[in-house]
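Spelled out, the chains give:
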Amino acid sequence: MARSRQRFADGKAIQWSIDQAGVSDAIGTITLTFGATDAKAAALGFVLARAHWGHGLGSEAAREVLRYAFETVALEQVSAEAAARNFASLRILAKFGFKHIESFIDESDGERCERFALDADIGSSLLASNATPGC
Ligand SMILES: CC(C)(COP(=O)(O)OP(=O)(O)OC[C@H]1O[C@@H](n2cnc3c(N)ncnc32)[C@H](O)[C@@H]1OP(=O)(O)O)[C@@H](O)C(=O)NCCC(=O)NCCS
């Protein structure tokens, strides 16, 4: 929490906790991390406690933070990375119009990952029309 506050104060990232009514502790987090060189780009990351998977909460959180990124912060692009085995996160990114950029191996654990990017024009129009492809 202290690290999140410091990164927010430094303008490096915004991290939200994902809460659920009736549950006292946060059930996950979703983060926008701003580029060191490009003020109009950020990376999206989200994680939810396993007990809460499969109820649409990841999709809901991603939608609201993407809306904030494009409408409030006026970012030009949001990128994201996901493990190739995490089908739910791949599905969320596809639903919101993210385009696949490349596959790579995470050197920290040898896991195959995928990198995606979503441009503001595509992301904003999908969010505005409420039309998520493939839904
Ligand atoms: C990614 C994560 C937050 C998903 O949260 P969630 O609340 O379970 O996701 P949702 O319930 O919104 O489901 C998202 C979609 O994935 C689909 N899905 C879920 N499990 C799936 C599977 N095993 N195979 C294919 N699709 C799957 C759902 O049907 C849904 O698609 P739909 O909207 O078309 O029905 C959660 O899996 C997680 O914390 N993973 C670990 C961290 C991670 O990978 N983060 C992403 C890095 S940016």
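The following refers to the structure shown. These figures come from a predicted structure and were not determined experimentally.

Conventions used here
Within every chain, residues take consecutive numbers counted from 1 along the sequence as written. With pLDDT at 70 or above as the cut-off, local features in this predicted model cover only qualifying residues; side-chain atom pairs require 80 or more to be listed or tallied, and sums for whole chains, interfaces and linings still use all residues. In this entry, near means the residue's backbone-placed C-beta atom lies within 6 Å of the molecule or strand. Numbering goes from the N terminus for both helices and strands, where a helix is a DSSP run of H or I of at least four residues and a strand is a run of E of at least two. Residues are called buried when their C-beta atom has 20 or more other C-beta atoms within 10 Å, exposed when it has 12 or fewer, and partly exposed otherwise; all C-beta atoms are positioned from the backbone. Residues are treated as contacting if the C-beta atoms built from their backbones sit within 7 Å of each other. In this analysis, strands are considered paired if DSSP registers two or more bridges between them. Think of it like this: strands point away, you trace from the first strand over the helix to the second, and a clockwise trace means the crossover is right-handed. Axes here refer to lines fitted to C-alpha atoms; in helices the fit is confined to the stretch in contact. Angles between the N-to-C directions go from 0 to 180 degrees. We call two directions roughly parallel when the angle between them is under 35 degrees, roughly antiparallel when it is over 145, roughly perpendicular when it lies between 65 and 115, and oblique otherwise. Whether a crossing is left-handed or right-handed is set by the direction in which the near helix is turned from the far one by less than a right angle, anticlockwise for left-handed and clockwise for right-handed. Each residue gets one label: Ala, Val, Leu, Ile, Met, Phe, Trp, Tyr, Cys and Pro are nonpolar, Asp, Glu, Lys and Arg are charged, and the others, such as Gly, are polar. What makes a nonpolar core is a set of buried Ala, Val, Leu, Ile, Met, Phe, Trp, Tyr and Cys residues, with links drawn between C-beta atoms within 7 Å.

Some details on the site of the ligand
Close contacts around the ligand come from 23 residues, with Gly 58, Ser 59, Phe 87, Ser 89 and Arg 91 the closest. Broken down by secondary-structure element, the contributors of at least two residues to the shell around the ligand are strand S3 (41-48), helix H2 (57-72), strand S4 (77-83) and helix H3 (87-95).

What about the environment of Ala 69?
Relative to the assigned elements, Ala 69 resides in helix H2. Assessed through the 24 C-beta atoms surrounding it within 10 Å, Ala 69 is described here as buried. Put simply, Ala 69 and Ala 120 are 51 residues apart on the chain and 8.8 Å apart in space, counted from C-alpha to C-alpha. Those residues in contact with Ala 69 that lie beyond four places of it in its chain are Leu 32, Ala 42, Leu 75 and Val 78.

Quick look at the pairing of S4
Here S4 shows one buried face, formed by Val 78, Ala 80 and Ala 82, and one open face, formed by Gln 77, Ser 79, Glu 81 and Ala 83. Pairing analysis gives four bridges linking S3 to S4, with the strands arranged parallel. Along S4, the bridge assignment pairs Ala 43 with Ser 79. Between the parallel elements S3 and S4, the chain passes through H2 in a crossover that is right-handed. Relative to strand S6 (residues 111-119), S4 is paired through seven bridges, and the arrangement is antiparallel. If you follow Ala 80 over to S6, its bridge partner there is Phe 116.

Examining the packing of H2 against helix H4 (residues 120-129)
Helix packing geometry: the angle between the two helix axes and the distance between the axes. Packing of H2 against H4 leaves a shortest axis separation of 10 Å and a crossing angle of 125 degrees. When the interaxial angle is binned, H2 and H4 end up oblique. In this structure, H2 crosses over H4, and the sense of that crossing is left-handed. Seen from H2, the contacting residues are Arg 63, Leu 66, Arg 67 and Phe 70; seen from H4, they are Ala 120, Gly 123, Ser 124 and Leu 127. The residue inventory of the contact of H2 with H4, partitioned by class, reads four nonpolar, two polar and two charged.

Notes on the nonpolar core
The biggest cluster of nonpolar side chains holds 23 residues, and the ones touching the most others in it are Val 65, Ala 69 and Val 78. Examining the composition of this core, we find that six residues originate from one element, H2, more than from any other.

So yeah, pure geometry; function would need other evidence.
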